[in-house]
Amino acid sequence: MDRFAEWREVPFTDIDNFDYNNFTFFTYSIPLDTSSDYFKNLISNSKLYDKNQDFDISLNPESLWRKKRISVALTTSNDYYTYGRIGYIVSSPIENILYVGQAPFDDTNDQLRNKRLNSPNAIFSGNVFFNEVVLEGSTIYGNVLPVAIFINLTDATFEERIQVEWKLEKMREATFDFYPILDLTKEKKLDSKSIVSK
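Residues numbered from 1 in each chain as written. Predicted model: local features only at pLDDT ≥ 70, side-chain atom pairs only at ≥ 80, totals over all residues. Heavy atoms only, no water.

Draft legend 1. Here's a closer look at the sheet that holds strand 4 (residues 97–100). Read across the sheet, 7 strands follow the order 4-5-2-1-3-8-9 without closing on themselves; strand pairing throughout is mixed. Here the strands that pair on one side only, and so sit at the sheet edges, are strand 4 and strand 9 (181–183). The mean angle between the axes of side-by-side strands here comes to 40 degrees, regardless of whether they run parallel or antiparallel. In terms of strand pairing, strand 2 (residues 70–76) meets strand 5 (residues 132–135) through 4 bridges, oriented antiparallel. From the neighbouring strand, Ala73 faces strand 5, where its bridge partner is Glu132. Of the strands in this sheet, strand 3 (86–91), strand 8 (145–151) and strand 9 are in contact with helix 5 (residues 158–174), which crosses strand 3 at around 50 degrees. (Pairing = 2+ DSSP bridges. Helix = DSSP H or I, 4+ residues; strand = E, 2+ residues; numbered from the N terminus. Axes fitted to C-alpha atoms, helices over the stretch in contact; angles between N-to-C directions. Contact = heavy atoms within 4.5 Å.)

So, in structure tokens, the structure goes:
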């Protein structure tokens, strides 16, 4: 039985054909503030925390595949939900999916591979509390790769908008403006050509 059969049917969007009103992506969010108590607790409470896996992807996205475990959101034009205000849209072989939903922090990748894999419909229907998908950075099937930068300013505060602008400038400089920028802000109903930039 193919563990990934239902995931193979998901119509992931080619960024070259981006339509603001009809898209499906994996989005990897970059936190605006990693000094928060949440991040400190996340690091100190995980038995599997590896400082060699703790590197800044925002300025070095081509190293994303080096991460053993990558938490992404399944972001669609139905909900526009991303875990953060800015980050990367990533492509991934379907076989790199380890887990769907909020993964137990202390399970190894091998343990996650042996758990039942929720279907994409569980996310689309809201039966999974989080729209989280956990990917393995590199497998024999290929690597997780960034394909675009996204911003999502839905309900953002003025401070968050300023932080995103600053972070976006740093990311563009670090990547030599290589990645297109897609604005996934929910209230922004614009022609798709005006949203995609280089």
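Draft legend 2. Looking closely at unusual backbone geometry. The backbone of Tyr80 shows a phi angle near 60 degrees, a positive value even though the residue is not glycine. With respect to the secondary-structure elements, Tyr80 resides in the loop between strand 2 and strand 3. If you check the backbone angles, Phe176 has positive phi at about 55 degrees while not being a glycine. Tracing the chain through its elements places Phe176 in the loop between helix 5 and strand 9.

Draft legend 3. Quick look at the environment of Asp107. With respect to the helices, strands and loops of the structure, Asp107 is situated in the loop between strand 4 and helix 3 (109–113). What makes Asp107 buried here is its relative accessible area of 16%. Among the polar contacts made by the side chain of Asp107, one reaches the side chain of Lys115 at a distance of 3.2 Å. (Buried < 20%, exposed > 50% of the residue type's maximum accessible area, 1.4 Å probe, protein only. Polar contact = N/O pair within 3.5 Å; in protein donor to acceptor, adjacent residues only side chain to side chain.)

Draft legend 4. Quick peek at the side chain of Thr82. Residue placement: Thr82 occurs in the loop between strand 2 and strand 3. Reaching out from Thr82, the side chain makes a polar contact with the side chain of Asn152 at a distance of 3.1 Å. Residue contacts for Thr82: discarding those within four places in its chain leaves Thr27, Ser29, Thr75, Phe150, Asn152 and Leu184.

Draft legend 5. Examining helix 5 more closely. Here helix 5 is 17 residues long and its end C-alpha atoms lie 25 Å apart, about the 24 Å a rise of 1.5 Å per residue gives. Those residues of helix 5 not exposed but buried are Val164, Lys167, Leu168 and Met171. Taken end-on, helix 5 shows its buried residues confined to a sector of 110 degrees, consistent with a single buried face. Those residues of helix 5 that are exposed and aimed more than 90 degrees away from the buried face are Phe158, Glu159, Glu165 and Trp166. Where helix 5 is buried, its residues touch strand 3, strand 8 and strand 9. One or two residues past the end of helix 5 sits Phe176, with phi positive at roughly 55 degrees. (Expected span 1.5 Å × (residues − 1). Arc of directions from axis to C-beta.)

That's the geometry; what it means functionally is another story.
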